[in-house]
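Summary of structural features
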Amino acid sequence: MKSAMHGIEMKAGIREWTGLAVLALPALLVSIDLSVMILALPHIGADLGADSAQQLWIIDIYGFMLAGFLITMGTLGDRIGRRKLLLIGGSAFVIASIMAAFSRSAEMLIAARALLGIAGATVSPSTLALISNIFCDHKQRSLAFGIWLTCSMDGMALGPVVGGLMLDHFWWGSVFLLGVPVMLLLLITGPMLLPEYRHPESGRLDLTSVVLSLGTILPVIYGLKEIAKYGLQIVPVLSILAGVVLGTVFVSRQRRLTNPLLDLHLFASPGFNAALGGMFGITLTGATMLFIAQHLQFVQGMSPFRAGLYMLPGVIASMAGMLLSPLIARRIRPARLIGTGLLVSTAGCYLLTQVGVESGLTFLVLGYICFSIGAAPLPSLSSDLVIGSAPPEKAGSAAAMLQTSGELAFALGIAVLGSIGTVVYRNQVANSIPADLPASAIQASQDSLAGATAIAEGLTQQVGKALLTGAREAFTVGMHTVAAASGAIMLAIIVLVVTRLRHVRPIGETQSNQADSIPEVVPGAAK
């Protein structure tokens, strides 16, 4: 933002940075809530008598609703006010959290989790868009995005730790109450610290587009998750196809509307396309982290806590990379920084392919550090690139697209890369399974390393050891394949970013010659 009188960019002060803290905490909370349920689920199942299908819905409904409503909430915030929508969502999050904590049935908990997902969908697009309003100086805005993203992404790593501590001392409902004080803080301080912004000529929300967007995203997410869990089956494939068909209708409708739910003109910006495509690609590789975690627990035989400690250096490297990237990008072009970082990530993928069953733990830790720190510049800078490429009145919609693409990419990565790793595992483990085992035991051993581990415990020591050794070797080969595929994806992203973002100058330099200059927000534009 520039002053109308002086033509200078206004620097953020204590008020603005305090406002960032208020915005970052809910983002951290939403991210933690995605991962903490895995630990709480056994307690919930035992207490509420939830069957396997209900337990799956307790886990999945939050992510479904979060992904499904991101675009709607991002655009709605642009229209009714970003702060207003964030405060409404925060209030709903508090109510749903209390409802979930004191649920008396599986159905009640599923409903509460669905409401939590819808409320959570107001957080990411509203907070990212508000950051673009609060921080007018380009350098400060880029750093603020990096800080916010660090909180958002690393909440996934903190979830198991925080959840484990809560479950050790309190009942399972306590994990849902984590969000109550944070959201109450937002509700109290938000009106004082956060500016309001809405586009005065945005028009009414097209409900048909809302229904079509949900009909596009939810079936695709559902189908990808089902394929990741159970392999290719007719129902999830048809679900994905239905989502694609409705998505085609959705896009056609957006082109005809004067005030569309999703402004397709945003895709005309090279910076927007490159950052969005790069984030989609890098999120695809998230399956690598899951294979690393399983390798530490099931191949190396570590407890979840000890496995978390071995992964902690990678998490710290990721946090450091995200915080430092906006500062480094003030001196060198973002395309060079991102490209160099992804080369480091590719080297990390190579190190992961050198990990063995009984050796190579050093390669695994170093590989994960390189993988994490090298990937950090792209997500750290992408928010500024995506939202900065959009007009101020479309910032919420742009932020929603960034978050939605991430949800879709993560689900797709688990489905595709996870399936590749599983296929390799099944082919490799076949010769290690004793032929005289019952059919159910053979099936369990072929399905996953966890299944083979459980079966081996019930066999004689010699036979069980042979099965377990073969299964661990097969899983390690599968992890090598996933790491190699992730490295190939990294190289493809390098080509995309270097070619499409080469014109973007270091952060803070004169933007007038850039094709994707940051639109100015003049005082009085925010209503």
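Everything discussed here concerns the structure shown above.
Keep in mind that this is a model prediction, so the values were computed, not measured.

Before going further, it helps to examine helix H4 (residues 106-120). Structurally, the α-helix is built with 3.6 residues per turn, so residues lying three or four positions apart point the same way. Between the first and last C-alpha of H4 there are 21 Å, a value that for 15 residues agrees with the 21 Å anticipated at 1.5 Å per step. Buried within H4 we find Ala-106, Leu-109, Ile-110, Ala-112, Arg-113, Ala-114, Leu-116, Gly-117, Ala-119 and Gly-120.

Taken as a whole, this structure holds four aromatic pairs when the rule is applied. For the pair Trp-172 and Phe-176, a centre-to-centre distance of 6.2 Å together with 90° between the ring planes defines the contact as edge-to-face. With respect to burial, Trp-172 and Phe-176 carry one shared label: buried.

Our next topic: the packing of helix H13 (residues 334-352) against helix H19 (residues 461-500). In contact at an axis separation of 8 Å, H13 and H19 are set at 165° when each is read in the N-to-C sense. For the element pair H13 / H19, the angle class is roughly antiparallel. The handedness of the crossing between H13 and H19 comes out as left-handed. Across the interface between the two elements, Ala-335, Ile-338, Gly-339, Leu-342, Leu-343, Ser-345, Thr-346, Cys-349 and Leu-352 from H13 touch Met-479, His-480, Ala-483, Ser-486, Gly-487, Met-490, Leu-491, Ile-493, Ile-494, Val-497 and Val-498 from H19. When its residues are assigned to classes, the contact of H13 with H19 shows 14 nonpolar, six polar and no charged.

This brings us to the packing of helix H3 (residues 82-101) against helix H7 (residues 179-193). For any two helices packed against each other, the geometry comes down to the angle between their axes and how far apart the axes lie. Where H3 meets H7, the closest approach of the two axes is 9 Å, and the angle between their N-to-C directions is 155°. What the angle tells us is that H3 and H7 run roughly antiparallel. Between H3 and H7 lies a crossing whose hand is left-handed. Between H3, through Arg-83, Leu-86, Leu-87, Gly-90, Ser-91, Phe-93, Val-94, Ser-97 and Ile-98, and H7, the contact on the second element is made entirely by Val-180, Met-183, Leu-184, Leu-186, Leu-187, Gly-190 and Pro-191. Of the residues in the contact of H3 with H7, the class split is eleven nonpolar, four polar and one charged.

So, about the environment of Leu-264. As for its placement among the helices and strands, Leu-264 is situated in the loop between helix H9 (234-256) and helix H10 (270-284). For Leu-264, a relative accessible area of 24% gives the class partly exposed. A C-alpha to C-alpha distance of 7.3 Å links Leu-264 and Gln-254, two positions ten residues apart in sequence. Discounting chain neighbours no more than four positions away, the residues touching Leu-264 are Val-251, Gln-254 and Arg-255.

Conventions we followed
- Residues numbered from 1 in each chain as written.
- Predicted model: local features only at pLDDT ≥ 70, side-chain atom pairs only at ≥ 80, totals over all residues.
- Heavy atoms only, no water.
- Helix = DSSP H or I, 4+ residues; strand = E, 2+ residues; numbered from the N terminus.
- Expected span 1.5 Å × (residues − 1).
- Buried < 20%, exposed > 50% of the residue type's maximum accessible area, 1.4 Å probe, protein only.
- Phe/Tyr/Trp six-rings, centres within 6.5 Å; stacked < 30°, edge-to-face > 60°.
- Axes fitted to C-alpha atoms, helices over the stretch in contact; angles between N-to-C directions.
- Parallel < 35°, antiparallel > 145°, perpendicular 65-115°, else oblique.
- Left-handed = near helix turned anticlockwise from the far one by under 90°.
- Contact = heavy atoms within 4.5 Å.
- Nonpolar A, V, L, I, M, F, W, Y, C, P; charged D, E, K, R; others polar.

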